[in-house]
Amino acid sequence: ARLAESGGGFVQPGGSLRLSCTASDFTLAYYAVGWFRQAPGQEREGISCISSTDENKDGAASLGGTEYADSVRGRFTVARRNSENTVYLQLNNLKPEDTAVYFCATYNQVLGACSASRLEAHNYGFWGRGTQVTVAS
């Protein structure tokens, strides 16, 4: 089983990127997925999560919704596409302080709902290797 992030890159301030988190050999639909980022010399920060769904199909009912950290709310959007076994994170209006390695991870409990209190790294046990996002002029 594996999680793989992709979509990072170099972008100017105000630009956009879409990150992907794709699972292999397990069904991502049944897991809440968190997005985290870590800048050099800083702790890993939870920025968004999306709850699991009750079925492995597009349009399936969410078991809880989404959450965002204050630092990204209104600029980042998380969504899942179960038919692709993928969770996306749309990054808009990027700022230099968004520069970091971005990770996705699955919540420790199957069929879980994310919440602000659960947006902490210790609640997530299966991680991808990350993708670099660099925002600079």
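Everything below is about the structure shown above.
Position labels on residues start from 1 in each chain and follow its written sequence. Only residues with pLDDT of 70 or above have their local features reported here, since the model is predicted, and side-chain atom pairs are shown and tallied only from 80 upward, although totals for entire chains, interfaces and linings are computed over all residues. Side-chain figures throughout are based on the complete set of non-hydrogen atoms in the structure, without hydrogens or water.

On to a nonpolar patch on the surface, then. On the surface, a nonpolar cluster with roughly 240 Å² of combined accessible area is contributed by Leu 63, Val 110 and Leu 111. Here a helix means four or more residues in a row that DSSP labels H or I, a strand means two or more in a row labelled E, and each is numbered from the N terminus. Secondary-structure assignment places Leu 111 in the loop between β9 (100-110) and β10 (124-127). Under the scheme applied here, a residue whose accessible area is under 20% of the maximum for its type counts as buried, over 50% as exposed, and between as partly exposed, the area being computed with a 1.4 Å probe on protein chains only. The partly exposed category is assigned to Leu 111, whose relative accessible area is 43%. Any residue with relative accessible area above 30% and no salt bridge may belong to a patch, with like charges joined within 9 Å and the nonpolar Val, Leu, Ile, Met, Phe, Trp and Tyr side chains within 5 Å. For the accessible areas, the method is Shrake-Rupley and the probe is 1.4 Å, while residue cover comes only from the protein chains on display. By definition here, a salt bridge exists when the distance from a side-chain nitrogen of Lys or Arg to a carboxyl oxygen of Asp or Glu is within 4 Å.

For the rest of this paragraph, the subject is the nonpolar core. Definition of nonpolar core: a set of buried residues of the types Ala, Val, Leu, Ile, Met, Phe, Trp, Tyr and Cys, connected through side-chain atoms within 4.5 Å. Of all hydrophobic cores here, the largest spans 26 residues; its most connected members are Trp 35, Phe 76, Val 87, Leu 89, Leu 91 and Tyr 102. Looking at this core, the elements that each hand over two or more residues are β3 (17-24), β4 (31-38), β5 (45-50), β7 (76-81), β8 (86-91), β9 and β11 (131-135). The biggest single contributor to this core is β3, with four residues. Residues count as neighbours in contact if any of their non-hydrogen atoms are within 4.5 Å of one another. For Val 87, the contacting residues outside a window of four places in its chain are Leu 19, Ser 20, Cys 21, Leu 28, Val 33, Trp 35, Ile 50, Val 78, Ala 79 and Arg 80. Counting residues in each nonpolar core, the second largest holds eight residues, with Ala 32, Phe 36, Ala 105 and Tyr 107 among its members.

Any two strands are treated as partners once DSSP identifies two or more bridges connecting them. Taken together, the four strands give an open sheet; going across it, the order is β1-β3-β8-β7, and neighbouring strands pair in antiparallel fashion. At either margin of the open sheet sits one strand with a lone partner, and together these are β1 (2-6) and β7. This sheet shows a mean twist of 15 degrees between the axes of neighbouring strands, independent of strand direction. For β1 and β3, the ladder comprises five bridges, and the chain directions are antiparallel. Residue Arg 2 lies in a different strand from β3, and its bridge partner there is Ser 24. Every axis in this analysis is a line fitted to C-alpha atoms, fitted for helices over the stretch in contact. Angles between the N-to-C directions lie between 0 and 180 degrees.

The criterion for an aromatic pair is that two Phe, Tyr or Trp rings (for Trp, the six-membered ring) have centres within 6.5 Å, with stacked assigned to planes under 30 degrees apart, edge-to-face to planes over 60 apart and tilted to the rest. Scanning all chains against the criterion turns up six aromatic pairs. With centroids separated by 5.7 Å and ring planes inclined at 80 degrees, the aromatic side chains of Phe 26 and Phe 126 adopt a geometry described as edge-to-face. Note that Phe 26 is positioned in the loop between β3 and β4 and Phe 126 in strand β10, a separation of 100 residues in sequence. The interplanar angle of 75 degrees and the centroid separation of 5.1 Å between the aromatic rings of Phe 36 and Tyr 124 together place this pair among those described as edge-to-face. Residue Phe 36 is found in strand β4, and its partner Tyr 124 is found in strand β10; the two are separated by 88 residues along the sequence. The pair Phe 36 / Tyr 124 is uniform in exposure class, with both members buried. Any Lys NZ or Arg CZ found within 6 Å of a ring centre and within 35 degrees of that ring's normal is scored as a charge over the ring. Residue placement shows Arg 18 over the ring face of Tyr 88; its charged tip is 4.0 Å from the ring centre.

Attention shifts here to the environment of Gly 128. Mapped onto the elements, Gly 128 comes out in the loop between β10 and β11. Look at Gly 128 and you get buried, because its relative accessible area is 10%. Expressed as a C-alpha distance, the spacing of Gly 128 and Pro 96, which sit 32 residues apart in the sequence, is 23 Å. Residues contacting Gly 128, with those up to four places away along its chain left out, are Leu 3, Glu 5, Phe 103 and Cys 104.

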